[in-house]
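# Coordinate analysis (summary)
One-letter residues, chain by chain:
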Amino acid sequence: MITYYGSSISPNKVETSEGFLICRNVPIARIGPQDYLARELQLDGDPDRMVKVNRYPEDVFDKATVASFEGKPVTDTHPSEAVSPDNYAKLSKGHAQNVRREGDFIV
């Protein structure tokens, strides 16, 4: 278990004495059916049509997949541009740490 020192705001949020917010146990990926826009999947045809994709546990919880989230920038909503080393300082609101599986989710 990882311990943070600060004032508890809720069971999953702590404000440190320096004023930083730590959010624990935030779901960042899940298994099961999910809706995507065709453009997000780079499919031909109407780019705004919805496409259902089933995310399988063996893919979502693969060790390499889970590890790929560790230390990555976290944004507030989905930015209109992909996050990259060139723009992460502008778009980032924090980073992912202690990434792991919890039930049907990566947190």
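Residues numbered from 1 in each chain as written. Predicted model: local features only at pLDDT ≥ 70, side-chain atom pairs only at ≥ 80, totals over all residues. Heavy atoms only, no water.

### Description of the overall build of the protein
In plain terms, the rule: Comment: elements are numbered from the N terminus, with helices defined as DSSP H or I runs of at least four residues and strands as E runs of at least two. Here the radius of gyration uses the C-alpha set of atoms, whereas the globule reference equals 2.2 Å times the residue count to the power 0.38. When a residue's accessible area, from a 1.4 Å probe over protein chains only, is under 20% of the maximum for its type it is buried; when over 50% it is exposed; and in between it is partly exposed. Residue contacts are counted whenever heavy atoms from the two residues lie within 4.5 Å of one another. Counting rule applied: Lys, Arg positive; Asp, Glu negative; His and chain ends not counted. Lysine's charge is taken at NZ, arginine's at CZ, aspartate's at CG and glutamate's at CD.
Along the protein, the regular secondary structure elements total 3 helices and 10 strands. Along the protein, helices and strands appear, N-terminal first, in the series β-β-β-β-β-β-α-α-β-α-β-β-β. For a compact globule of 107 residues, the expected C-alpha radius of gyration is about 13 Å, and the protein comes in at 17 Å, more than 25% above that figure. By principal-axis analysis of the C-alpha atoms, the protein measures approximately 50 × 30 × 25 Å. Classification of the 107 residues of the protein by burial places 17% in the buried group. Restricting the contact set of the protein to residue pairs at least 6 apart, pairs at least 24 apart contribute 35%. With 13 positive and 16 negative side-chain charges, the protein shows a spacing of 3 Å between the two charge centroids.

### Focus on the sheet that holds strand β4 (residues 29-30)
Spelled out, the test is: Should DSSP find at least two bridges between two strands, the strands are taken to pair.
Strand order in the open sheet formed by 3 strands is β4-β10-β9, and the pairing between neighbours is antiparallel. Each edge of the open sheet is held by one strand with a lone partner, namely β4 and β9 (101-102). With 2 bridges connecting them, β9 and strand β10 (residues 105-106) associate as antiparallel partners. For Arg101, the partnering residue across the bridge sits in β10 and is Ile106.

### Quick notes on the nonpolar core
Applicable threshold: Side-chain atoms within 4.5 Å link the members of a nonpolar core, which is a set of buried Ala, Val, Leu, Ile, Met, Phe, Trp, Tyr and Cys residues.
One finds Ala29, Ile31, Val60, Phe61, Val66, Ala96, Val99 and Ile106 forming the largest nonpolar core, which totals 8 residues. When residues no more than four places from it in sequence are discounted, the contact partners of Ala29 are Val60, Phe69, Asp104, Phe105 and Ile106.

### Quick word on the side chain of Asn87
Where we set the bar: Here a polar contact means two N or O atoms within 3.5 Å. Within protein one must be a hydrogen donor candidate and the other an acceptor candidate, and residues neighboring in sequence count only if both atoms are side-chain atoms.
Position of Asn87 relative to the elements: it lies in the loop between β7 (73-74) and α3 (88-91). In this structure Asn87 comes out as buried when scored by relative accessible area, which is 10%. Reaching out from Asn87, the side chain makes a polar contact with the backbone oxygen of Ala82 at a distance of 3.0 Å. For Asn87, the side chain forms a polar contact with the main-chain nitrogen of Ser84, separated by 2.7 Å. Contacts of Asn87, omitting those with residues within four sequence positions, involve Glu81 and Ala82.

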